[in-house]
Number of protein chains: 2
Amino acid sequence: MKNDNNIPYKTYLEEHEIPRQWYNVRADMPVKPAPLLNPGTGQPLTAEEMTPIFCEELVKQELDNDTPYIDIPEEVRDFYKMYRPSPLIRAYFLEEALDTPAKIYYKFEGSNTSGSHKLNSAIAQAYYAKKQGLKGVTTETGAGQWGTALSMACSYFDLDCKVYMVKVSYEQKPFRREVMRTYGASVVPSPSLETDIGKKINEEFPGTTGSLGCAISEAVEVAVKSGGEYKYELGSVLNQVLLHQSIIGMEAKAACDKLGVKPDIIIGCAGGGSNLGGLISPFMGEKLRGEADYDIVAVEPASCPSFTRGKFAYDFCDTGKICPLAKMYTLGSSFIPSANHAGGLRYHGMSPVLSQLYHDGYMRAVAVEQTSVFAAAELFARVEGTLPAPESSHAIRVAIDEALKCKETGEEKTILFGLTGTGYFDMVAYEKFNDGAMGDYIPSDEELEASLSQLPQIDA
Amino acid sequence: MKNDNNIPYKTYLEEHEIPRQWYNVRADMPVKPAPLLNPGTGQPLTAEEMTPIFCEELVKQELDNDTPYIDIPEEVRDFYKMYRPSPLIRAYFLEEALDTPAKIYYKFEGSNTSGSHKLNSAIAQAYYAKKQGLKGVTTETGAGQWGTALSMACSYFDLDCKVYMVKVSYEQKPFRREVMRTYGASVVPSPSLETDIGKKINEEFPGTTGSLGCAISEAVEVAVKSGGEYKYELGSVLNQVLLHQSIIGMEAKAACDKLGVKPDIIIGCAGGGSNLGGLISPFMGEKLRGEADYDIVAVEPASCPSFTRGKFAYDFCDTGKICPLAKMYTLGSSFIPSANHAGGLRYHGMSPVLSQLYHDGYMRAVAVEQTSVFAAAELFARVEGTLPAPESSHAIRVAIDEALKCKETGEEKTILFGLTGTGYFDMVAYEKFNDGAMGDYIPSDEELEASLSQLPQIDA
């Protein structure tokens, strides 16, 4: 095995090197992300309007565009010790397989039972809920990564966790459901008969298998009507989530600094943006402050291309149109990616922070097709050992493409990408790929125009 | 979080500290394990008789009762770097939940895609197959842990891997099958129509869903009839497998020594014995040489209690009775644990090395019931984060019981146990437990007598 400058295959920071503060990239942004708007009034959402839904401390974090560093509570750092620091891995085996002069590193966030980086924010959100004296929290989940992470976090702090799981996933993907139940969460197939919105949807569409939009609505309704005992928590898109996920980038940067490594390219997959935003944040901070330059790349599925084919505009965060409006790159809240799209990252919009940074030219975006993503995933699994999540594999695809460009040009670029998680609960998608039964699904211009034409009319 | 003597939650050795040699505990055994016998002649199996089935170097290792340390090939050490050294974890969260004065450590082998310790031997066996110039290897798998590990190892060395998977698992547990296929293995439901024995069994028992014994027979037949292009590889029971698995114990001991920790009790789950044998080997070596004393505990399921209710006698290694005879603790090769037994560890026999050590009084054994095992698993998952495999949870159960005894007596014992893997592919069993639908299954004396009465009549 190659051993470049005595850089080991895996680099672990010591436990005491887990960062003590999260980094808030908004503090260094020349143009701040646009505020969320109240869909009724069209005015920026106030803290008072947010507190019926979110925990108080999280509302503060959501609205704080100025404080660059925010302390990580000691209780959260204790929990982080279970699975952090996560390793920074030098992909020697992949480099060898590609025969590239590029040096490839990845930050691996999948070494925990939730199987992804989502736990970084889940434990923070659960902590603030506990601190506020809540009885529990509500949330929604599709495939189940976020729901699993929040269940684990709530179990640790002895909080009730009520997860509205899209019915089709609840029935067809029972394994993550059972992981959540093992952690003590109550998992309810959505639409349920427990909420007004659930009852209404069940009446209007008998036999419906549910949607993420509907599950969000149910979870929010239960929180709002709980008399303050429950709040709602969300695993991506929000500013607070990107703040918590900055731990990924801060650890990655600390490990790079320790090894004397400076990445030229930083690559992450982007659905709602939580992983990408977290991974890049300290590097982006340097870039915003003019201290360093990095080529920062968001990778999205060609079947759900919000950055590369969407509009930068105010839109609803949910398909049910009950949540606030966010200014973001969006395909329109009525856009639904093809059912045949297996690769995750199905969200119609994108984190407002990342949207603003992209709009202002601080990063670029690439859309990739799912068969090429799974081909990259398979190669990666075989040479690097870890079977990656389909979402993470979007980043692998572009990392490989960049490394192959280096092979052509002879450049020795240093590539860093985020490996957000493992694919152990995604074997149905792998089976499709193994059987040669997977296709690519690119929305037509007409399809995108149809959903984009329904954007709310807001001047901002 | 507690921080006893500055011992971190996770201790990783450095990459260069991965052991360079495996330890062969047989070298220090006063009474060596009895040799395998040729079922036809009743005579000890010679190297010549083993080479049609196994790789040459592995035959040597199988028969070597004298060499205490055997070099780990550099290529195998390179692969180990992908997922080793595995962490030694101080179970601070579990100690706190139990409110025990005991200090609990566990060696976690589940941080790799195969999800268990099986990869430690798979990569060694694949290496020797490659070195011998073979085209590929054959094996059988039930739930799929071993098959997955061997698929990963073969993919790394570009070897064909043919896995005969018990048909009922192939059909009902498709996820591990797809992991194997992603690593390029060909997975065949057993009994198949590709082998004589498979055809015969399909004719005799139309619609049969297969058995491990039949899958072994098919895999061996294909290897033997391949004209030397393929050999058969096995993931447990054999001496060579325990040798490779000694890496677990050597790393654990090195980490203990580094931390200044000496375990009083060492606990491992035992099916065929590969994990337990690996974990205890360097500690057992000290005990055999009179250098130290440890309370070494094998934990087996009450539904398949080979140590605690079996006989120490020669028996067939497979239910099909085509494999050699081994002297071991056995329930009889016709014994089949209850179909309702969900906890893994279903093998009727036990590693000859461990059987001899147990017979000679160097270790003890405990049988535990599966509902208590899953209760321990759930507690462990909630407080330590990792969702354990049902097999590993047998060791967790006894570690908890020992820690609770310390709570009663006030003793500050140091407990070390092996956490062999994760339960991500075992959610059907967890679902049963979550639903309160799991029972306990203890074979009656009559049932055991029935299978034990069929032991072959061998004087040895």
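Sequence order as written defines the numbering, with residues in each chain counted from 1. Note on labels: chains are lettered from A, ligands numbered from 1, in written order. With pLDDT at 70 or above as the cut-off, local features in this predicted model cover only qualifying residues; side-chain atom pairs require 80 or more to be listed or tallied, and sums for whole chains, interfaces and linings still use all residues. Where side-chain values are given, they derive from all heavy atoms of the structure, hydrogens and water being excluded.

**Q** Outline the side chain of B:Thr195, supporting the account with residue identities and numerical values.
**A** Residues and elements named next belong to chain B. Along the chain, Thr195 turns up in the loop between β8 (186-190) and α9 (196-204). Burial classification: accessible surface area is computed with a 1.4 Å probe over protein chains only, and a residue below 20% of its type maximum counts as buried, one above 50% as exposed, and the rest as partly exposed. Of the residues examined, Thr195 reaches a relative accessible area of 1% and is grouped as buried. The term polar contact refers here to a pair of N or O atoms within 3.5 Å; inside protein, the definition further demands a hydrogen-donor-capable atom paired with an acceptor-capable atom, and it admits residues adjacent in sequence only when both atoms are side-chain atoms. From its side chain, Thr195 meets the backbone nitrogen of Gly198 in a polar contact 2.8 Å long. Within the local environment of Thr195, its side chain forms a polar contact with the side chain of Glu218, the two groups lying 2.6 Å apart. Contact definition: two residues touch when any of their heavy atoms are within 4.5 Å. Apart from the residues within four sequence positions on either side, Thr195 is in contact with Tyr164, Glu218, Glu221 and Val222. What counts as a helix is a DSSP run of H or I of at least four residues, what counts as a strand is a run of E of at least two, and both are numbered from the N terminus.

**Q** With reference to specific residues and values, describe the side chain of B:Ser155.
**A** By the secondary structure assignment, B:Ser155 is in helix α6 (residues 145-156). With residues near it in sequence (within four places) discarded, B:Ser155 still touches A:Arg382 and B:Tyr183.

**Q** Account for the sheet that holds strand β9 (residues 230-232) of chain A, naming residues and giving values.
**A** Residues and elements named next belong to chain A. For two strands to count as paired, DSSP must find a minimum of two bridges between them. Spatially, β8-β7-β6-β9 is the arrangement adopted by the four strands of the open sheet, whose pairing is parallel. Here the strands that pair on one side only, and so sit at the sheet edges, are β8 (186-190) and β9. When the angles between neighbouring strand axes are averaged without regard to direction, this sheet yields 25 degrees. Pairing geometry for strand β7 (residues 160-166) and β8, over five bridges, is parallel. Bridge assignment links Lys162 to a residue of β8, and that residue is Ser186. Axis angles are defined between N-to-C directions and span 0 to 180 degrees, where every axis is a line fitted to C-alpha atoms and, for a helix, only to the segment in contact. Helix α10 (residues 212-224) rests against β6 (136-141), β7, β8 and β9 of the sheet, and its axis sits at about 170 degrees to β6.

**Q** Give a description of the packing of aromatic side chains that names residues and reports values.
**A** A pair of aromatic rings is counted whenever rings of Phe, Tyr or Trp (Trp by its six-membered ring) have centres within 6.5 Å, and the orientation is called stacked for planes under 30 degrees apart, edge-to-face for over 60 and tilted otherwise. This structure, assessed with the given rule, holds 45 aromatic pairs over all chains. Look at A:Phe175 and B:Phe175: their rings are 5.4 Å apart centre to centre, the planes differ by 70 degrees, and that puts the pair in the edge-to-face class. Residue A:Phe175 is found in helix α8 (residues 174-182), and its partner B:Phe175 is found in helix α8 (residues 174-182); the two belong to separate chains. Classification of A:Phe175 by relative accessible area gives buried; the value is 16%. Both rings, one in B:Phe374 and one in B:Tyr430, keep their centres 5.2 Å apart while their planes meet at 75 degrees; by these two values the pair is edge-to-face. In this pair, B:Phe374 sits in helix α15 (residues 370-384) while B:Tyr430 sits in helix α17 (residues 427-434), placing the two residues 56 residues apart along the sequence. With a relative accessible area of 0%, B:Tyr430 lands in the buried category.

**Q** Lay out the interface of chain B and chain A in plain terms, naming residues and giving numbers.
**A** Across the contact, 42 residues belong to chain B and 42 residues belong to chain A. Buried area is understood as the total, over both parts, of accessible area removed when two parts are fitted together, assessed with a 1.4 Å probe. Taken together, the two surfaces of chain B and chain A that pack against each other cover about 3,900 Å², and 57% of this comes from carbon and sulfur. Basic side-chain nitrogens of Lys or Arg form a salt bridge, by our definition, when they fall within 4 Å of a carboxyl oxygen of Asp or Glu. Taken together, the connections running from chain B to chain A amount to four salt bridges. Linking chain B with chain A are 33 residue pairs in polar contact (both at pLDDT 80 or more), by the criterion used here. Broken down by secondary-structure element, the contributors of at least two residues to the side of chain B that touches chain A are α6, α8, α15 and α17 of chain B. The element that contributes the greatest number of residues to the side of chain B that touches chain A is α8(B), accounting for six residues. Think of it as three bins: nonpolar holds Ala, Val, Leu, Ile, Met, Phe, Trp, Tyr, Cys and Pro, charged holds Asp, Glu, Lys and Arg, and polar takes everything else, Gly as well. Looking at the side of chain B that touches chain A, its residues break down into 21 nonpolar, eight polar and 13 charged.

**Q** Give me the confidence of the model for chain A: which residues, what numbers.
**A** As a per-residue measure, pLDDT tells how confident the predictor is, with possible values from 0 to 100. Here chain A shows a mean pLDDT of 95. Residues at 70 or above account for 100%. Here the prediction assigns the complex a pTM of 0.97, and the interface score ipTM is 0.96.

**Q** Describe helix α5 (residues 119-131) of chain B, naming the residues involved and giving the relevant values.
**A** Residues and elements named next belong to chain B. In this analysis, the expected span of each helix is defined as 1.5 Å times one less than the number of residues it contains. For α5, built from 13 residues, the straight-helix expectation of 18 Å at 1.5 Å per residue is met to within 8% by its first-to-last C-alpha distance of 18 Å. Judged by how many residues are buried, α5 sits mostly within the fold: eleven of 13 residues are covered. Every buried residue belonging to α5 is among Leu119, Asn120, Ser121, Ala122, Ile123, Ala124, Gln125, Ala126, Tyr127, Tyr128 and Ala129, and all of these are buried. Once α5 finishes, Gly133 follows within two positions and takes phi at roughly 80 degrees, a positive value.

**Q** Kindly report on the packing of helix α15 (residues 370-384) of chain A against helix α17 (residues 427-434) of chain A, identifying the contributing residues and their values.
**A** Residues and elements named next belong to chain A. Viewed as axis vectors pointing N to C, α15 and α17 meet at an angle of 100 degrees, and their least axial separation amounts to 11 Å. When the axes of α15 and α17 are compared, the pair comes out roughly perpendicular. Between α15 and α17, the residues in contact are Thr371, Phe374, Ala375, Ala377 and Glu378 and Ala429, Tyr430, Phe433 and Asn434, respectively. When its residues are assigned to classes, the contact of α15 with α17 shows six nonpolar, two polar and one charged. An angle below 35 degrees is read as roughly parallel, one above 145 as roughly antiparallel, one from 65 to 115 as roughly perpendicular, and any other as oblique.

**Q** Please set out the relation of the copies chain B and chain A residue by residue, giving values where relevant.
**A** Least-squares fitting of one copy onto the other uses the C-alpha atoms of those residues that reach a pLDDT of at least 70 in both copies. Between chain B and chain A, which share one sequence, the superposing operator has a rotation angle of 180 degrees and an axial displacement of 0.0 Å; the RMSD is 0.0 Å. The two molecules are tied by a two-fold rotation axis, judged by turn and shift. Counting the interface residues of chain B, we find that 100% of their copies in chain A are interface residues as well, pointing to one common contact surface.

**Q** So, the sheet that holds β8(B): which residues are in play, and what are the values?
**A** All names here are of chain B. On the basis of which strands lie adjacent, the open sheet formed by four strands has the order β8-β7-β6-β9 and parallel pairing. Looking at which strands have only one partner, the edges of the open sheet turn out to be β8 and β9 (230-232). Adjacent strand axes in the sheet meet at a mean angle of 25 degrees when their direction is disregarded. Relative to β9, strand β6 (residues 136-141) is paired through three bridges, and the arrangement is parallel.

**Q** Mind laying out the environment of B:Gly115, listing which residues take part and the relevant values?
**A** Residue and element names in this part refer to chain B. With respect to the element layout, Gly115 can be found in the loop between β5 (103-108) and α5. Taking the C-alpha atoms as reference points, Gly115 and Lys167, 52 residues apart in sequence, are found 22 Å from one another. With sequence-adjacent residues up to four places away left out, Gly115 is seen in contact with Gly110, Thr420, Gly421 and Thr422.

**Q** Which residues make up unusual backbone geometry, and what are the values?
**A** The amide bond that connects B:Arg84 to the next residue, B:Pro85, takes the cis arrangement and shows omega of -10 degrees. Examined against the element boundaries, B:Pro85 turns out to sit in the loop between α3 (74-80) and β4 (88-90). For the bond running from B:Ser190 to B:Pro191, omega is 5 degrees, close enough to zero to count as cis. By the secondary structure assignment, B:Pro191 is in the loop between β8 and α9. Unusually for a residue other than glycine, A:Val237 sits at a positive phi of about 65 degrees. Of note, A:Val237 is situated in the loop between β9 and α11 (239-259). Despite not being glycine, B:Asn6 shows a phi value in the positive range, around 60 degrees. Structurally, B:Asn6 can be placed in the segment before β1 (10-11). Judged by its relative accessible area of 66%, B:Asn6 falls in the exposed class.

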